Amino acid sequence: MDFWAPISISVQVTLAASIITFLLALPAGWFMSRRTFKGKTVVETIFMLPLVLPPTVVGFGLLVLLGRKSWMGRLIEWIFHQPLVFTLWAAVVAASVMAFPLVYQTLKTGFEAVDKELEDAARTLGAKEWQVFRLVTLPSARRFILSGYMLGFARSIGEFGATLMFAGVIPGKTETIPTAIFMAVESGNMVYATYWVLSILVLSFALLAFIQHLKHSAD
């Protein structure tokens, strides 16, 4: 049994998923905080669904949408010459989907808290929308942005159910720390399970300490 493989895979999956989730949630949160349109409630409900659905249900949904029998799954397999399901990227997709609602809601709340008069003042001075976003909105919402990324990272590193369904538990390939802990406990290997629990505690503590440092530095 390789102790370090699940740790390495978890770090890769978490870094990729947290970045992808953040890049998707940032424009989505800004757009939904600034626009009103017909069907907005439905869109927001879809965005937030993974937060309330059981992770196994989300994993099953990913299998249906992106599995080898779906048109999207076949398209992905045609483009990349391999299926998405039961790969490292399947674990990334599962973690991203599960983390998205937390990141999106945090960023949206942050953008809604920005003083609109500051943005309007920048516009009257001739700033373009992208300049207003970069120079006024982002700095004003920086604490929410850091918190959103932190939540996305934490949710990604702890993801289990959707990953188990969509990526499986393939040692050295898709086995993350949470799934490795589950399999170790199932096989009665409590020593490895304990070490992996300790490792994820250390990673989570280090992340929280780093983010707290960044938040205090930004004040």
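Check the entry above for the structure.
Report on the accompanying structure. (Residues numbered from 1 in each chain as written. Predicted model: local features only at pLDDT ≥ 70, side-chain atom pairs only at ≥ 80, totals over all residues. Heavy atoms only, no water.)

Regarding the side chain of Arg34
Among the structural elements, Arg34 can be located in helix H1 (residues 4-34). Engagement of the side chain of Arg34 in a polar contact is seen with the side chain of Ser33, the distance being 3.1 Å. In this structure the side chain of Arg34 is engaged in a polar contact, spanning 3.0 Å, whose partner is the backbone oxygen of Phe111. When residues no more than four places from it in sequence are discounted, the contact partners of Arg34 are Phe111, Glu112, Val114, Lys116, Glu119 and Thr137. (Helix = DSSP H or I, 4+ residues; strand = E, 2+ residues; numbered from the N terminus. Polar contact = N/O pair within 3.5 Å; in protein donor to acceptor, adjacent residues only side chain to side chain. Contact = heavy atoms within 4.5 Å.)

Quick notes on the nonpolar core
Ranked by size, the top nonpolar core spans 19 residues in total, and within it Val13, Leu62, Leu66 and Phe166 carry the most contacts. Listing elements by their share of this core, those giving two or more residues are H1, helix H3 (55-66), helix H5 (88-113) and helix H9 (161-166). Every residue in contact with Leu66, bar those within four places of it in the chain, is listed here: Met72, Gly73, Ile76, Leu84, Val93 and Phe166. (Core = buried A, V, L, I, M, F, W, Y, C linked by side-chain atoms within 4.5 Å. Buried < 20%, exposed > 50% of the residue type's maximum accessible area, 1.4 Å probe, protein only.)

Notes on unusual backbone geometry
With phi around 65°, His81 is a residue other than glycine that occupies positive phi space. Relative to the helices and strands, His81 resides in the loop between helix H4 (71-80) and H5. Looking at His81, the relative accessible area reads 71%, which means it is exposed. Backbone geometry places Phe86, a non-glycine residue, at a positive phi of 60°. Here Phe86 is to be found in the loop between H4 and H5. Classification of Phe86 by relative accessible area gives partly exposed; the value is 39%.

As for the packing of H1 against H5
Across the interface, H1 lies against H5 with an axial gap of 6 Å and an inter-helix angle of 35°. Where H1 crosses over H5, the two elements pack in a sense that is right-handed. (Axes fitted to C-alpha atoms, helices over the stretch in contact; angles between N-to-C directions. Left-handed = near helix turned anticlockwise from the far one by under 90°.)

Some points on the pattern of salt bridges
Going through the model one piece at a time under the given rule, you end up with seven salt bridges. Glu77 is the partner of Arg68 in a salt bridge, and the nearest nitrogen-oxygen pair spans 2.7 Å. Residue Glu77 is classed as partly exposed on the basis of its relative accessible area, which comes to 22%. Ionic contacts of the salt-bridge type, sharing partners, join the residues Glu44, Lys108 and Glu112 into one network. (Salt bridge = Lys/Arg side-chain N within 4 Å of Asp/Glu carboxyl O.)

A look at the packing of aromatic side chains
Within this structure, the stated rule accounts for 14 aromatic pairs. Between Phe3 and Tyr192 the ring centres are 6.2 Å apart and the planes differ by 55°, which places this aromatic pair in the tilted class. Placement of the pair is Phe3 in the segment before H1 and Tyr192 in helix H11 (residues 190-218), with a sequence separation of 189 residues. Given the relative accessible area of 19%, Phe3 is considered buried. Members of the aromatic cluster, each reached through a chain of ring pairs, are Phe3, Trp4, Tyr192, Tyr195 and Trp196. (Phe/Tyr/Trp six-rings, centres within 6.5 Å; stacked < 30°, edge-to-face > 60°.)

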